[in-house]
Amino acid sequence: MRDDLLVQLQEWHEEDEFQEIVDAIQAIPVEERDYELVNHLGRALNNLEQYEEAVEQFLTVAKEGTGDPLWHYRIGLAYYYLEQYAHALQAFERADELDPEDEDTLEFLEWIRSKTAEEPSEVSVEKPVDNVPTVSEISIAPVSVSHMEPTGFWDDSAEAADRYVLAPPTDGQIESMEEQLVFKLPTSYINMMKLHNGGVPHYRHFPVSQAEAAKKVRVEVAGILGIGREKAHSLGGEAGSRFIIEQGGYPEIGVVICECPSDSEVVMLDYRESGNAGEPEVVHVDKKESYKITWLAPNFETFIQGLLNEENQPANLEGSL
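Note that the structure is a prediction, hence the values are computed from the model and not measured.

*Asks:* Explanation requested: the overall build of the protein in the structure shown.
*Replies:* The secondary structure content of the protein amounts to 14 helices and nine strands. The proportion of buried residues among the 321 residues of the protein is 50%. Restricting the contact set of the protein to residue pairs at least 6 apart, pairs at least 24 apart contribute 60%.

As structure tokens, this is what we get:
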């Protein structure tokens, strides 16, 4: 049955019947769509010029696509036509690493570099002057969060600021927090907190990988904990990471980095694979589901890049943040 469907999907693709592909796959329950079907769906959405929807689909299978040059190529194509060239560039660069000398990939790389070279430079005036390092080894084309600014990404309402936002952390405070937590915080997270230390993002929804999804298709974030102890809802605060883990009985796998609207859910930095000083993965833990751990992203930077707003749109981290 499945083999027949895959043959039919390919035939529709060759006949440019892209809407037929979308309708057929969307008729299948989300939890029954595997990596191959989601890639067919994303490719068809690209061909229908529904690029935002395509990105959302590709991100749900990000873990499985890590080593697949076609996955990087297809999400890069969607980012390119959304004019999110920084995202597109890193996606195509990764595709080129995995499948060197592919002519289509090289052509897109040439176009993107040409376009970005032609862009005016006034935007850079608004960016921080500190030349801070970013995570260089990434798997699904995130834009460096060192360029994030408060405007656009963050909800800077008085309520959000009062609950979460602290002054930018000093190097001494960062070191002290890492000693308290017994974990090295990701460089991308630290860079982000130096610009906006904790808060509520406008982009609060993260699509769950099809391979991991059971009941949840998305995880929603209520707020990102900042580096400090002054506020209850900060990493070292009275209601911070250690308090949440101990009071909620959450697994000792790392650091709670985000609160969720439900008190029984959290987003954590997971150091099981990397060790306490390595680059942690990002996971969702659901207390009501017997502390089910759902993988979200290979690192914090990729997690931030994958967040969506209420309209299913990713943050345009290039220039607007």
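*Asks:* What exactly am I supposed to notice about the pairing of strand E9 (residues 292-297) here?
*Replies:* Note on strand geometry: in a regular strand, side chains alternate between the two faces of the sheet. Of the pairings in the sheet, the one linking strand E8 (residues 281-286) to E9 comprises five bridges and is antiparallel in character. Its bridge partner lying in E9, Val283 is registered against Trp295. In this structure, the hairpin formed by E8 and E9 is closed by a connection of five residues, where Ser290 is found at a positive phi of approximately 60°.

*Asks:* Before we go on, may I ask you to explain the pattern of salt bridges in this structure?
*Replies:* Note that side chains of opposite charge can pair when their charged atoms are close. Under the counting rule described, the total for this entry stands at nine salt bridges. A salt bridge links Arg94 to Glu97, with the shortest nitrogen-to-oxygen separation between them at 3.0 Å. Placement of both Arg94 and Glu97 in helix H7 (residues 85-98) is noted, with a separation of three residues, approximately one turn of the helix. When its relative accessible area of 22% is taken as the criterion, Arg94 is described as partly exposed. Its salt-bridge partner being Arg204, residue Glu310 comes within 3.9 Å of it at the nearest N-O pair. With Glu310 in the segment after helix H14 (300-305) and Arg204 in the loop between strand E2 (200-201) and strand E3 (205-207), this pair connects stretches of sequence that are 106 residues apart.

*Asks:* Can you help me understand the confidence of the model for the protein in this one?
*Replies:* Note that predicted coordinates carrying low pLDDT should not be read in detail. Chain-level pLDDT for the protein is 84 on average; 85% of the residues reach the 70-or-more range. Between residues 120-151, whose pLDDT stays under 50, and residues either more than four places distant or in other chains, the model counts 69 contacts.

*Asks:* Quick question: what am I supposed to make of the sheet that holds strand E7 (residues 265-270) here?
*Replies:* Sheet strands pair via backbone hydrogen bonds, and the direction of the pair is either parallel or antiparallel. Read across the open sheet, the five strands follow the order E5-E6-E7-E8-E9; overall the sheet is antiparallel. Looking along the sheet, the strands with just one partner apiece sit at the ends: strand E5 (223-224) and E9.

*Asks:* What am I meant to see in the layout of surface pockets here?
*Replies:* Over the atoms, a rolled probe matching the size of one water molecule traces out where space is still vacant. Considered as a void within the structure, the second largest pocket measures approximately 260 Å³ in volume. Considering the residues around the second largest pocket, the lining is formed by 17 residues, among which Ile244, Glu259, Ser262, Asp263 and Val266 are closest to the centre. Among the elements that take part in the lining of the second largest pocket, helix H13 (residues 241-248) stands out by supplying four residues, more than any other. Split by residue class, the lining of the second largest pocket holds eight nonpolar, four polar and five charged.

*Asks:* Would you explain the state of the cysteines in this entry?
*Replies:* Disulfide: a covalent bond formed between the sulfur atoms of two cysteine residues. Scanning all chains against the criterion turns up zero disulfides. The thiol of Cys258 is unpaired, and the distance to the nearest cysteine sulfur, on Cys260, comes to 7.2 Å. The class for Cys258 is buried, based on a relative accessible area of 0%.

*Asks:* So what exactly am I meant to see when it comes to the nonpolar core here?
*Replies:* Side chains of nonpolar character tend, in soluble globular proteins, to be buried together. With 47 residues, the main nonpolar core has Leu185, Tyr189, Ile227, Leu235, Val267 and Phe303 as its most contacted residues. Residue contacts for Ile227: discarding those within four places in its chain leaves Leu166, Pro169, Gln173, Ile174, Met177, Leu185, Tyr189, Ile190, Met193, Asn197 and Leu235. In this structure, Ile21, Val38, Tyr80 and Leu109 belong to the second largest nonpolar core, which totals 35 residues.

*Asks:* Looking at this model, I keep getting lost on the packing of aromatic side chains. Mind explaining?
*Replies:* When we look at a pair of aromatic rings, we describe it by the centre distance and by the angle of the planes. Throughout the structure, instances matching the rule amount to 17 aromatic pairs. Their ring planes at 80° and their centres at 5.9 Å tell us that Tyr73 and Phe108 sit as a pair that is edge-to-face. Here Phe108 lies in helix H8 (residues 103-118) and Tyr73 lies in helix H6 (residues 69-81), a separation of 35 residues in the sequence. What makes Tyr73 buried here is its relative accessible area of 16%. Here Phe108 falls in the buried class, since its relative accessible area comes to 6%.

*Asks:* I'm lost on unusual backbone geometry in this one. Help?
*Replies:* As a rule of thumb, non-glycine residues mostly have phi less than zero, and peptide bonds are mostly trans rather than cis. The phi dihedral of Asp16 is positive, around 60°, even though this residue is not glycine. Checked against the element boundaries, Asp16 lands in the loop between helix H1 (2-14) and helix H2 (18-26). Looking at Asp16, the relative accessible area reads 53%, which means it is exposed. Although it is not a glycine, Glu83 adopts a positive phi angle of roughly 65°. Within the fold, Glu83 resides in the loop between H6 and H7. A relative accessible area of 52% places Glu83 in the exposed class.

*Asks:* Explain the side chain of Thr60 to me, please; I cannot follow it from the model alone.
*Replies:* Looking at the element boundaries, Thr60 is found in helix H4 (residues 51-60). For Thr60, a relative accessible area of 5% corresponds to the buried category. Within the local environment of Thr60, its side chain forms a polar contact with the backbone oxygen of Gln57, the two atoms lying 2.6 Å apart.

About the cut-offs
Residues numbered from 1 in each chain as written. Predicted model: local features only at pLDDT ≥ 70, side-chain atom pairs only at ≥ 80, totals over all residues. Heavy atoms only, no water. Helix = DSSP H or I, 4+ residues; strand = E, 2+ residues; numbered from the N terminus. Buried < 20%, exposed > 50% of the residue type's maximum accessible area, 1.4 Å probe, protein only. Contact = heavy atoms within 4.5 Å. Pairing = 2+ DSSP bridges. Salt bridge = Lys/Arg side-chain N within 4 Å of Asp/Glu carboxyl O. pLDDT = per-residue confidence, 0-100. 1 Å grid on protein atoms, 1.4 Å probe; cavity = no way out; pocket = protein on both sides within 12 Å on 5 of 7 lines; lining within 4 Å. Points joined across faces, edges and corners; volume = space filled by probe spheres on them. Nonpolar A, V, L, I, M, F, W, Y, C, P; charged D, E, K, R; others polar. Disulfide = S-S within 2.5 Å. Core = buried A, V, L, I, M, F, W, Y, C linked by side-chain atoms within 4.5 Å. Phe/Tyr/Trp six-rings, centres within 6.5 Å; stacked < 30°, edge-to-face > 60°. Polar contact = N/O pair within 3.5 Å; in protein donor to acceptor, adjacent residues only side chain to side chain.

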